[in-house]
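# What the coordinates show
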Amino acid sequence: MKRFLDIYLDSYRGLSKPAWMLALVIFINRSGAMVLPFLGIYMTEALHFSLKEAGTVLSCFGLGAVTGSWLGGWLTDKVGHFKVQTVSLLLSVPMFCLLPLFKTVETLAVGIFILSVITDSFRPANSVSVAYYAKPENITRAFSLNRMAINLGFSIGPALGGLLAIISYSWLFYGNAIGAVLAGLLFFFYFRNRKGNENVLKKEADAAAEAKEVSPYRDKQFIWFNILTALYAICFFQLLSTLPLFYKEIHKLTEADIGILLAYSGFVVFALEMLLVHIAERKMTSAQVIILGTILCGLSFIMLVLPGKYLVLYVSMFVLCISEILVMPFVATVTVQRSGATNRGAYMGFGALAYSAAHIVSPYLGTRVADFYGFDTLWIGTGVLTVFIALGFYVIMKKM
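From a predicted model like this one, the values you see are computed outputs, not experimental measurements. (Residues numbered from 1 in each chain as written. Predicted model: local features only at pLDDT ≥ 70, side-chain atom pairs only at ≥ 80, totals over all residues. Heavy atoms only, no water.)

## Quick word on the overall build of the chain
Regarding its fold elements, the chain presents 17 helices and zero strands. For 400 residues, the compact-globule estimate of 2.2 N^0.38 gives 21 Å, and the C-alpha radius of gyration of the chain, at 20 Å, lies within 12% of that figure. The dimensions of the chain, computed from C-alpha atoms along their principal axes, are 60 × 45 × 40 Å. Counting every position in the chain, which comprises 400 residues, the buried fraction comes to 59%. Long-range contacts, defined as pairs at least 24 residues apart, comprise 87% of the intrachain contacts of the chain with a sequence gap of at least 6. With an accessible surface of roughly 16900 Å², the chain has 68% of that area assigned to carbon and sulfur atoms. Both charge centroids of the chain, one from 31 positive and one from 22 negative side chains, sit 6 Å from each other. (Helix = DSSP H or I, 4+ residues; strand = E, 2+ residues; numbered from the N terminus. Rg over C-alpha atoms; globule rule 2.2 N^0.38 Å. Buried < 20%, exposed > 50% of the residue type's maximum accessible area, 1.4 Å probe, protein only. Contact = heavy atoms within 4.5 Å. Areas by Shrake-Rupley, 256 points an atom, 1.4 Å probe, with all protein chains shown as cover. Lys, Arg positive; Asp, Glu negative; His and termini not counted. Charge placed at Lys NZ, Arg CZ, Asp CG, Glu CD.)

## A few points about a nonpolar patch on the surface
A surface patch of nonpolar side chains, about 480 Å² in accessible area, is lined by Ile380, Val384, Val387, Phe388 and Leu391. On the accessibility criterion, Ile380 (43% relative accessible area) is partly exposed. (Patch = residues over 30% accessible without salt bridge, like charges linked within 9 Å, V, L, I, M, F, W, Y side chains within 5 Å. Salt bridge = Lys/Arg side-chain N within 4 Å of Asp/Glu carboxyl O.)

## Points about the packing of helix H15 (residues 310-338) against helix H16 (residues 344-373)
For the pair H15 and H16, interaxial distance at closest approach is 9 Å and the crossing angle is 150°. Overall, the two elements H15 and H16 adopt an arrangement that is roughly antiparallel. Every pair of crossing elements has a handedness; the one defined by H15 and H16 is right-handed. Between H15, through Met328, Val331, Ala332, Thr335, Val336 and Arg338, and H16, the contact on the second element is made entirely by Arg344, Tyr347, Met348 and Tyr355. Its residues assigned to classes, the contact of H15 with H16 shows seven nonpolar, one polar and two charged. (Axes fitted to C-alpha atoms, helices over the stretch in contact; angles between N-to-C directions. Parallel < 35°, antiparallel > 145°, perpendicular 65-115°, else oblique. Left-handed = near helix turned anticlockwise from the far one by under 90°. Nonpolar A, V, L, I, M, F, W, Y, C, P; charged D, E, K, R; others polar.)

## Topic: the pattern of salt bridges
Under the definition given, this model contains three salt bridges. Two residues, Asp120 and Arg123, come together in a salt bridge whose shortest N-O distance is 3.3 Å. Accessibility expressed as a relative area gives 5% for Asp120, which makes it buried. By relative accessible area, Arg123 is classed as partly exposed at 25%.

## As for the packing of helix H11 (residues 220-236) against helix H14 (residues 286-302)
Running from N to C, H11 and H14 point in directions that differ by 25°, and their axes come no closer than 10 Å. For the element pair H11 / H14, the angle class is roughly parallel. As for the relative orientation of H11 and H14, their crossing is left-handed in sense. Residues Phe225, Tyr232, Cys235 and Phe236 of H11 lie in contact with H14, whose contacting residues are Ile290, Gly293, Thr294, Cys297 and Phe301. A per-class count over the contact of H11 with H14 returns seven nonpolar, two polar and no charged.

## Structural notes on helix H9 (residues 170-191)
Since the α-helix packs 3.6 residues into each turn, any two residues three or four apart lie on the same face. Compared with an ideal rise of 1.5 Å per residue, which puts 22 residues at 32 Å, H9 spans 32 Å between its outermost C-alpha atoms and is within 8% of the ideal. Burial in H9 covers these residues: Leu172, Phe173, Gly175, Asn176, Ala177, Gly179, Ala180, Ala183, Gly184, Phe187, Tyr190 and Phe191. (Expected span 1.5 Å × (residues − 1).)

Written out as structure tokens, the structure is:
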């Protein structure tokens, strides 16, 4: 037990104070993240949209995420990661407050698109901040710390959102706005004059002066790597679209039950990510970790066709959480290591596009497959797809 505790505590050592403060900002913001997990249920239950209409609106969220990821990456290289993150957090507040006024498919789709552009411009800028403030030997753990904060916040937001949804769905949007404004103010006042790892930045700038850095959009191996990441994310992000609908329609869970189940996922990642990433860094290559995590993603969805209710749902969610822990921080590390001083924002923005594109395809494709062929077909198809994705990672990462 003492050995286990030493390894766990060792995974947190060496992380800088700014890295911890970035994690705190993310935690506050994600603690108010109540809208997206319940957006599909809100549309089908409160606004009486069809399953396909709900999928279309959720895909508009993905379209906005693609636009925001590209815009955020471009702006980060032009004006800096601090300004992009501050504006993104604070500008999202009025949009969250306006969304309850949109009651039709068309108006809500436009509103969700605009909101997503604003919120997802934050992601590449934040990734650059993590690399900017982290020590080179701790980059993967710094990303894991950030994601740990995301998931701890996610363990609070959906649980609270499930309770607020019972009172009124409008409170989901207002709760999200409160979280965004608190996170934005903390970020602005702490980071406005703060410097990063100057020695590393100087080395990167010197290296960039000697060699012309390649655009990520011309890096063929990274493009294929990003396509595979997008395919993985299409499978994984059913967590935010078809899974809540599956819980509601097939297992008849209440909003509170769904909120607790989603909160459980956030808590699992919060509790285990730093430890598992720390062990994986020592024992395995990035390619091995990503491939294993991809296969576990498929296994988690195939488990949903098994008979049973709460035991199956919670075990499946646990396996999906382990998949997330193994894939996402190492994908971010590969992206940082592939980039240079002058094109890091572009690389992180392009990397974020993989997840943003998945936000378009995952709900659109998932809701239609579930509607026409049933949820069991969707889960089995997802499992088969992840096998091919894992093989793709094996091939491309050998070349990288």
